[in-house]
Amino acid sequence: RRQRRRMNALRPDEELDNIHSLYVDQWDWEKVITREQRNIAFLKQTVRRIYEAIKVTENKLYVEFPQLVPSLPEEIHFIHAQQLLDLYPGKKPKERENEIVRRYGAVFVIGIGAALSDGEPHDGRAADYDDWSTPNEEGYNGLNGDLLLWNPVLGNAFEVSSMGIRVDETSLARQLEIRGQQAKRDLYFHKKLLAGELPCTIGGGIGQSRLCMYLLRKAHIGEIQSSIWPESMRRECSEAGIELV
């Protein structure tokens, strides 16, 4: 069973820039899976299907609008956050992303949320959402990650989806303990999951405006969606020839 929904929300505390706005729009999806599918092989299979859909969309846009020349590689590259740290030990997480995505064009970084060998996670993740702590068959922890594309307009790694296999009763208990959030065990969802009353799932969110921004080769998310921007930002964009909606 698969559920899809369009998520529309406001983040009034968001720090605004060319890829972050007060208005958040995503395609959220959730799919029931078997316990045997809680592995890296199934995660990669799912990521490849999503990536292929993005490539098909990019090619169809090119047919209609030849100025939108496709830039995505044939295959997406997979790497664990620990491998990425080992590869670029002197760089910050976003700098590592830029290096690897510049090299491969499309990358899925696995295992976001758990502390790496330097004591820090690659990026933040809630304890009760994705499974970032379960040892996987490739010798690392985590069954989740971020899908990143190289943005030729901005010249950097560009996240279009955060997704992963969700926590089960074992990983939820472990991650709540790691984060010191055992009090959440008594919440409705957490209690049912810990009791084994909910199915195993995989899911994520695909940023609508983010993806449109990438495919249409736009420099500012305000060229895609109508939102609220500081006057200083509108003025700066206007001077750069960027027309905000």
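What comes next concerns the included structure. None of the values given here were measured: they were computed from a predicted structure.

Thresholds, definitions, all that
Residues numbered from 1 in each chain as written. Predicted model: local features only at pLDDT ≥ 70, side-chain atom pairs only at ≥ 80, totals over all residues. Heavy atoms only, no water. Helix = DSSP H or I, 4+ residues; strand = E, 2+ residues; numbered from the N terminus. Expected span 1.5 Å × (residues − 1). Buried < 20%, exposed > 50% of the residue type's maximum accessible area, 1.4 Å probe, protein only. Polar contact = N/O pair within 3.5 Å; in protein donor to acceptor, adjacent residues only side chain to side chain. Phe/Tyr/Trp six-rings, centres within 6.5 Å; stacked < 30°, edge-to-face > 60°. Salt bridge = Lys/Arg side-chain N within 4 Å of Asp/Glu carboxyl O. Contact = heavy atoms within 4.5 Å.

Before going further, it helps to spend a moment on helix 1 (residues 40–64). If you check helix 1, its first and last C-alpha atoms are 37 Å apart, about what 25 residues at 1.5 Å a residue would give, namely 36 Å. Every buried residue of helix 1 is accounted for by Ile-40, Phe-42, Leu-43, Lys-44, Thr-46, Val-47, Ile-50, Tyr-51, Ile-54, Lys-55, Glu-58 and Leu-61. For helix 1, the capping residue at the N-terminal end is Asn-39, with a side-chain oxygen 3.1 Å from the backbone nitrogen of Ala-41.

With that settled, the discussion passes to the packing of aromatic side chains. Any aromatic ring pair is given by two values, namely how distant the centres are and how the planes are angled relative to each other. Scanning the model with the defined rule gives two aromatic pairs in all. Measuring from ring centre to ring centre gives 6.5 Å for Phe-158 and Tyr-214, while their planes differ by 25°; the resulting arrangement is stacked. Pair noted here: Phe-158 is in strand 6 (residues 156–165) and Tyr-214 is in helix 6 (residues 208–215), with a separation of 56 residues, a long-range link. The exposure class assigned to Phe-158 is buried, which follows from its relative accessible area of 1%.

With that settled, the discussion passes to the pattern of salt bridges. Taken as a whole and assessed by the stated rule, the structure comprises 18 salt bridges. Close ionic contact of Arg-35 with Asp-168 constitutes a salt bridge, the shortest N to O distance being 3.4 Å. In this pair, Arg-35 sits in the loop between strand 2 (23–33) and helix 1 while Asp-168 sits in the loop between strand 6 and helix 4 (169–178), placing the two residues 133 residues apart along the sequence. Assessed through its relative accessible area of 7%, Asp-168 is described here as buried. For Arg-125, the salt bridge is made with Asp-146, and the minimal N-O distance between the two is 2.3 Å. Pair noted here: Arg-125 is in the loop between strand 4 (106–110) and strand 5 (144–151) and Asp-146 is in strand 5, with a separation of 21 residues, a long-range link. In this structure, a network of salt bridges that share partners links the residues Glu-30, Arg-125, Asp-130, Asp-146 and Arg-166.

Let us now look at the side chain of Lys-44. Mapped onto the elements, Lys-44 comes out in helix 1. Exposure remark for Lys-44: the relative accessible area of 15% places this residue in the buried category. If we skip the residues at most four places from it in the chain, Lys-44 touches Phe-78, Ile-110 and Glu-138.

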